[in-house]
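Examining the three-dimensional arrangement
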Amino acid sequence: SKEKADGKKSKSKVGVLVECCGYPVSIFFIVVNEFCERFSYYGMRAVLVLYFKYFLLWDEDLATSIYHAFVALCYLTPILGAIVADSWLGKFRTIIYLSIVYAIGQIVMAVSAIHDITDTDRNGTPDNMTFHVALSMLGLVLIALGTGGIKPCVSAFGGDQFEEHQTTQRSTFFSVFYLCINAGSLLSTIITPILRSKECGIHSQEQCYPLAFGVPAVLMVISLVVFIAGSGMYVKAAPQGNIILQVCKCIGFAIKNRFKHRSSKYPKREHWMDWASEKYDKLLIVQIKMVLKVLFLYIPLPMFWTLFDQKGSRWTLQATTMDGDIGLIVLQPDQMQTVNPILILTLVPIMDRIVYPLIKKCGFNFSPLKRMTVGMFLAAMAFVAAALVQLQIDKTLPVFPSSSQAQLNLLNIAESGVTVTIPPNEPVVLGAGQASEDYIMFETDTIEVSLNTTSEARRFTLTKEMRQTLLIAPGNFLNLVEDKTAKPEKGGNEIRFVNALSTPVNVSTKAANYETISPLLFSNYSLIPQGKHTFNITNGVQKCEYTKILGYGAAYTILLPSCCHPHTITPCCGNIGDIEEIQPNSVSIALQIPQYFLITAGEVVFSVTGLEFSYSQAPSNMKAVLQAGWLFTVAVGNFIVLIVAELAKIPQKWAEYLLFACLLVAVCVIFSIMAYFYTYMDPAAIEAQYREEKELEPEEKEQLEMTKDQVVNTTEDVDVFSRRTKM
């Protein structure tokens, strides 16, 4: 046809064809572009849920919901991108325009994380949070449009650069292309959490989210510049129409026609799609029937993605309550996601070359649908493992007072022992510089305190839902102060000092400056990160140092004890002690490795096999339709997380993990039943049969060839892609 001839003409004339080692030079620009883009996306996404919780100060449920809404949008927009590229702009211009949108979105995200923009009182917390929320939401929408819109275009555009005889080179290109996806994912999830953990700011030093988002933004700009730099060498195929739109129109006509002929006077047809035969070719209808048969099997699949994508939300939040020190290295909570791409690169060849051949050698029929069922079961077991880890974490968490309770700690900083009586509790004996072993729980808010050193009882009013410390100082001086009633945020440690000396002191360290602490008073809490810290203590004349190694998520009161010399602090420094109010995270973050192994093994068995199964069961010109359906299941799965997080509101995280595991097991059973009744097809044979029954007209042949040309770059390489790595 004339359209096809024009397409071929434009394809042969656009671009200067330059080859190196048998490969078009243009593909090197595309490979670098993909690496930078994937680094940008996964780097931003790695720290996103922590940004929601610790910068925007959202609770875990809201942070999880918005995270998954963003991921779902990223998997819906590829359908839009494919339609725009195939029907209007072409792949090249679609990639350019949406990459610009993408880069702007990343820059907006980086700007939204600069707390100094609205931090007028310079305390490290933005004063106009609405401004930062609005900017971040705008940035995420732009990023979703960009990354999703270019997703179906870049790989296909790379395939367009090869001639028909370069099948080997094209296969190698797709191997390298998808290796770049995993390399970008791996490196970004290692680097951006490190950047986030640094402190930066103009007026106050806070966790450096602007840098964690800024580096991905720079990589996206580089990705765009590199892609544009190769413009003169690209082969740019003209848009030839989108098969997805054609399928939708055919299905829509069949439904409309069936509804118009719903009366019993019209004879029934074998399949409801046959009602489209008045307008559409019989071969197209048969191809759509084959696609619908596979899409029906897709119905239970979203539940797998519901569990799988929580490794970037719930599992990252779980890691914030764990000990990241595993000996040789210290892991940030968001760095645990690197386990997934590492295991992907390891397990895919092991499965393909060892496990599957071994199963086949043993005589078992491990069909694709059986593999997918096993993958879903492994994902369910991953969440059982996550629930067991959560139970271990819960055992180490402090018991905070409820809305009808108050908790009290006793601290004696006098130079001699004291006996404290608070009815109806037993008397508590405290030595000099000693605190009670644990918090005392009270159901009433009014207590009477008496000491053995005085006959007078003092009345105090406790605050419900709060922890407080009663300070007992020399001269029967009593002071009631508030303690922390939640685990410290960001995995840091809340540290304060109490001065039992008779002179004011100043305490400072690299992470905080406590300024002057008056005698017999507490300092404010300061958030100190994990690691070894040296505190400098001075009274203006003399000074000493106190060193403490801190873990994750603890709270301490450090006691500067009184001594016999009122104007010197040096003899007292050796007696400095600490009172542990909240114990540090003690469950090792390494315990998450089994759940990551199970979810990744499930991904390899489920996702890679599912893509290969879809490819084998789809007609030659319908690969794009099934790919769109596959991406849609990912989006629906993320919407399910959003719904559960907002509606279920399960207080116990381990129970929520078990709920998801049980749901996936139930879906797994349903899918296995559906798979049992599924009959495998040979689309090529079915198409050949219908071609024999009806000899195609020359124009129809031309149209069929055009459709084949349109999808050749994706259909020939999906198989290569599915055998090597994840989408």
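Conventions used here
Residues numbered from 1 in each chain as written. Predicted model: local features only at pLDDT ≥ 70, side-chain atom pairs only at ≥ 80, totals over all residues. Heavy atoms only, no water. UniProt positions renumbered as here; feature names shortened; annotations may be inferred. Helix = DSSP H or I, 4+ residues; strand = E, 2+ residues; numbered from the N terminus. Contact = heavy atoms within 4.5 Å. Areas by Shrake-Rupley, 256 points an atom, 1.4 Å probe, with all protein chains shown as cover. Core = buried A, V, L, I, M, F, W, Y, C linked by side-chain atoms within 4.5 Å. Buried < 20%, exposed > 50% of the residue type's maximum accessible area, 1.4 Å probe, protein only. Axes fitted to C-alpha atoms, helices over the stretch in contact; angles between N-to-C directions. Parallel < 35°, antiparallel > 145°, perpendicular 65-115°, else oblique. Nonpolar A, V, L, I, M, F, W, Y, C, P; charged D, E, K, R; others polar. Patch = residues over 30% accessible without salt bridge, like charges linked within 9 Å, V, L, I, M, F, W, Y side chains within 5 Å. Salt bridge = Lys/Arg side-chain N within 4 Å of Asp/Glu carboxyl O. Lys, Arg positive; Asp, Glu negative; His and termini not counted. Charge placed at Lys NZ, Arg CZ, Asp CG, Glu CD. Pairing = 2+ DSSP bridges.

Per an unreviewed UniProt entry, the recorded name for the chain is Solute carrier family 15 member 1a, and the organism is Denticeps clupeoides. What the UniProt record of the chain gives under Sequence similarities (unreviewed entry) is the line "Belongs to the major facilitator superfamily. Proton-dependent oligopeptide transporter (POT/PTR) (TC 2.A.17) family." As stated in UniProt under Subcellular location (unreviewed entry), the record for the chain gives "Membrane".

**Quick word on the overall build of the chain**
Along the chain, the regular secondary structure elements total 20 helices and 21 strands. Taking the principal axes of the C-alpha coordinates as reference, the chain spans close to 110 × 60 × 50 Å. Partitioning the intrachain contacts of the chain with sequence separation of at least 6 by distance along the chain shows that 75% fall at a separation of at least 24. Entry remark: accessible area of the chain is about 31700 Å², with carbon and sulfur atoms responsible for 61%.

**Brief notes about the nonpolar core**
The biggest cluster of nonpolar side chains holds 134 residues, and the ones touching the most others in it are Leu48, Tyr51, Phe52, Phe70 and Phe213. When residues in this core are grouped by element, the largest group, twelve residues, is from helix α14 (residues 368-396). Ignoring sequence-local partners within four residues, the contact set of Tyr51 consists of Leu56, Met109, Ser112, Ala113, His132, Ser136, Tyr209 and Phe213. The next biggest cluster of nonpolar side chains, apart from the first, holds 20 residues, and it includes Ile517, Phe535, Tyr556 and Ile558.

**With respect to the packing of helix α9 (residues 243-260) against helix α17 (residues 623-647)**
When two helices pack together, you describe them by how their axes are tilted relative to each other and by the distance separating the axes. Two elements in contact, α9 and α17, have axes whose closest approach is 8 Å; the angle formed by their N-to-C orientations is 85°. Taken together, the axes of α9 and α17 lie roughly perpendicular to each other. Residues Ile243, Ile244 and Val247 of α9 touch α17, and the partners they reach there are Ala624, Val625 and Ala628. Residue composition of the contact of α9 with α17, by class: six nonpolar, no polar and no charged.

**Brief notes about a positive patch on the surface**
Positive charge collects at one region of the surface, where Lys249, Lys256, Lys260 and Lys279 lie side by side. Positionally, Lys249 belongs in helix α9. In this structure Lys249 comes out as exposed when scored by relative accessible area, which is 55%.

**A short note on the sheet that holds strand β7 (residues 428-430)**
One open sheet accounts for four strands, arranged β7-β6-β10-β11; its pairing is antiparallel. Each edge of the open sheet carries a strand with a single partner, namely β7 and β11 (457-461). In this sheet, adjacent strand axes meet at a mean angle of 30° when their direction is disregarded. Summarising the sheet, strand β6 (residues 418-421) and strand β10 (residues 446-451) pair through two bridges and their orientation is antiparallel. Considered in β10, the bridge of Val420 is made with Leu451.

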